[in-house]
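The lines below spell out each chain.
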Amino acid sequence: MKRTIKELDVKGKKVLLRLDLNVPLNKQTGEISDDTRILESLSTINYLCENGAKLIICSHLGRPEGVDKKYSLKVVADRLAMILKNKVTFAEDTVGKDAKEKVKAMEEGEIVLLENLRFDEREEANDEKFCKELASLADLYVNDAFGTAHRKHASTYGVAKLLPNAVGFLMNKEIKVINQILEAPQKPFVAILGGAKIKDKIPVIENLIGKADTILVGGGMAYTFQKAMGGNVGTSLVDEEKITLAKELIEKAKKNNVEFVLPIDNLGAKEFSNDSKPKKFLAGQIADDYMGMDIGPKTIKLFKKYIKNAGTIVWNGPLGVFEFKKFAKGTNKIAKAIGKTKAFSFIGGGDSASAVIKSGYAKEVSHISTGGGASLSMLEGKVLPGVDIIEELGEGKEEKTCEKCADKKCCAKKAPAKTAKKAPAKKAAPKAKK
Ligand code: AMP
């Protein structure tokens, strides 16, 4: 269990807070088109400010190559200033003169948002000097950017080595939820995996065999499995290099008593287009000149049966080419079914999340993850570098013996971070929704 901000004494301290403020921008106007990521960060921001921190927020925005004002975080600073009562100042650089001056002038409860970290190429390179420069701005470091926790960048990893640290509320919640699903899921545990990139989902399937009771596979990746079973998939998306592995996974699931369920029918099209006329096919019987674009009505019915009886559901990846209205039915129906179930439901990945939001059942879902890549990494069984580097609860730097006087208490008095208040609570199985 990682140390959280509740275990830090932040009063009067400069706290470097890494957030995921990578908000989508309107291409024409440059305005924020969805501020969910800002809103999700507010509980940590408010807690730190209310407890007297001088808050230095940093984030990336988009994928700029060097300084590119199109990706400036100024627009986020303006939005934060509108939402919060606290004074919000924008620094025109990250570790330069402007950032240093503005941080120096801060009072308790005030916020400085640094310019886009990725304007400096040293961020993604986890450059040692850049880490030191970032760390020199602050006394403490908090990571609440779950969306980038699978990256070993300066602001998500390197800087955490240099300062007493903790995770924020959002990060803590994400880790807890995924760990609970992996360690003590309410049964039956049903995983639904879709999307196109089979290479991203295979490690997840491998890790879930032995943990999940049922794995439902849809989307573009299902055709590699169907081909592996000797089916005819026409011109559907197939990863030829993964066919042998797909066959092995089906065998492995069988040996481990995991139900591995592939679509039993599909909607196909002659062209990859919304204008192409959909035609139904039984699984493995797709005509040579058709490609599978969505799961069919029989599969929807079958998947819904598993969803209805599940205790825990994890869903990542659309079940068809949902961007085309004619082939969005499978994804939308499954989103709705998940929303309606009493099971503990976890949605990872932007496409699945937006399908659930569109279905009108987002509020009924137990947890919509803010990090598609990071949650997939955890479901694969990987430890996220941005989480790994944070100290364990009760494992403070302040607990080390003081080098000068060889006294533990001496360090504790000066320590910026408090020791753990309580022993970590035993993990409970996720609760079903009321
Ligand atoms: P991923 O990033 O791997 O989750 O893939 C998401 C993408 O998978 C979406 O853009 C979907 O359009 C695409 N996808 C889903 N089903 C299919 C399919 N049957 N054929 C091709 N692409 C698909």
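Read on for an overview of the structure. Here the structure is a predicted model, which is why all the values come from computation and not from measurement.

### Regarding the packing of aromatic side chains
Counted under the stated rule, the structure contains 4 aromatic pairs. With 5.1 Å between their ring centres and 55 degrees between their planes, Phe225 and Phe260 make a pair best called tilted. Highlighted residues: Phe225 in helix H7 (residues 222-228) and Phe260 in strand E10 (residues 259-261), separated in sequence by 35 residues. Side by side, Phe225 and Phe260 carry an identical accessibility label, which is buried. Between the aromatic rings of Phe272 and Phe324, the centroid separation amounts to 5.2 Å while the plane-to-plane angle is 65 degrees, which identifies the pairing as edge-to-face. A residue pair is termed long-range when its members are at least 10 positions apart, and Phe272 in the loop between strand E11 (265-269) and strand E12 (279-282) and Phe324 in the loop between strand E15 (312-316) and helix H10 (329-340) qualify at 52 residues. Above the ring of Tyr306, the side-chain terminus of Lys305 is found at 5.8 Å from the ring centroid.

### Overview of the sheet that holds E11
If you trace the 3 strands from one edge of the open sheet to the other, you get E12-E11-E14, paired in antiparallel fashion. Of all strands in the sheet, those with a lone pairing partner are E12 and strand E14 (291-295), marking the two edges. Recorded for the sheet is a direction-independent mean angle of 45 degrees between the axes of neighbouring strands. Its contacts with the sheet place helix H9 (residues 297-309) against E11, E12 and E14, and it is angled at close to 40 degrees to E14.

### Remarks on a positive patch on the surface
On the surface, a cluster of positive charge is made up of Lys280, Lys298, Lys304, Lys329, Lys333, Lys336 and Lys340. Those elements giving two or more residues to the positive patch turn out to be H9 and H10. Per-element accounting of the positive patch gives the leading share, 4 residues, to H10. Residue position: Lys340 is located in helix H10. Among the residues examined, Lys340 registers a relative accessible area of 55% and is labelled exposed.

### Thoughts on the site of the ligand
Taken together, 15 residues lie near the ligand, and Ala196, Lys197, Lys201, Gly292 and Glu323 sit nearest. In this structure, an oxygen atom belonging to the ligand sits 2.9 Å away from a main-chain N or O atom of Ala196. Here Gly220 contributes a backbone N or O atom positioned 3.1 Å from a nitrogen atom of the ligand. When isolated, the ligand has an accessible area of 510 Å², and the protein chains bury 83% of it.

### Describing the pairing of E15
Counting buried residues in E15 gives 5 out of 5 residues, a clear majority hidden from the surface. Side chains Thr312, Val314 and Asn316 of E15 all project onto a buried face; the interleaved residues Ile313 and Trp315 project onto the opposite face, where all are buried too. Where strand E7 (residues 189-193) lies against E15, 5 bridges are found, and the strand directions are parallel. Along E15, the bridge assignment pairs Val190 with Ile313. Relative to strand E16 (residues 344-348), E15 runs parallel, the two sharing 5 bridges. Within E16, the position partnered with Ile313 by the bridge is Ser345. Read from E15 through H10 to E16, the crossover connection turns out right-handed.

Cut-offs and rules
Residues numbered from 1 in each chain as written. Predicted model: local features only at pLDDT ≥ 70, side-chain atom pairs only at ≥ 80, totals over all residues. Heavy atoms only, no water. Phe/Tyr/Trp six-rings, centres within 6.5 Å; stacked < 30°, edge-to-face > 60°. Helix = DSSP H or I, 4+ residues; strand = E, 2+ residues; numbered from the N terminus. Buried < 20%, exposed > 50% of the residue type's maximum accessible area, 1.4 Å probe, protein only. Lys NZ or Arg CZ within 6 Å of the ring centre and 35° of its normal. Pairing = 2+ DSSP bridges. Axes fitted to C-alpha atoms, helices over the stretch in contact; angles between N-to-C directions. Contact = heavy atoms within 4.5 Å. Patch = residues over 30% accessible without salt bridge, like charges linked within 9 Å, V, L, I, M, F, W, Y side chains within 5 Å. Areas by Shrake-Rupley, 256 points an atom, 1.4 Å probe, with all protein chains shown as cover. Salt bridge = Lys/Arg side-chain N within 4 Å of Asp/Glu carboxyl O. Lys, Arg positive; Asp, Glu negative; His and termini not counted. Charge placed at Lys NZ, Arg CZ, Asp CG, Glu CD. Near = heavy atom within 4 Å. Polar contact = N/O pair within 3.5 Å; in protein donor to acceptor, adjacent residues only side chain to side chain. Right-handed = clockwise from strand over helix to strand, strands pointing away.

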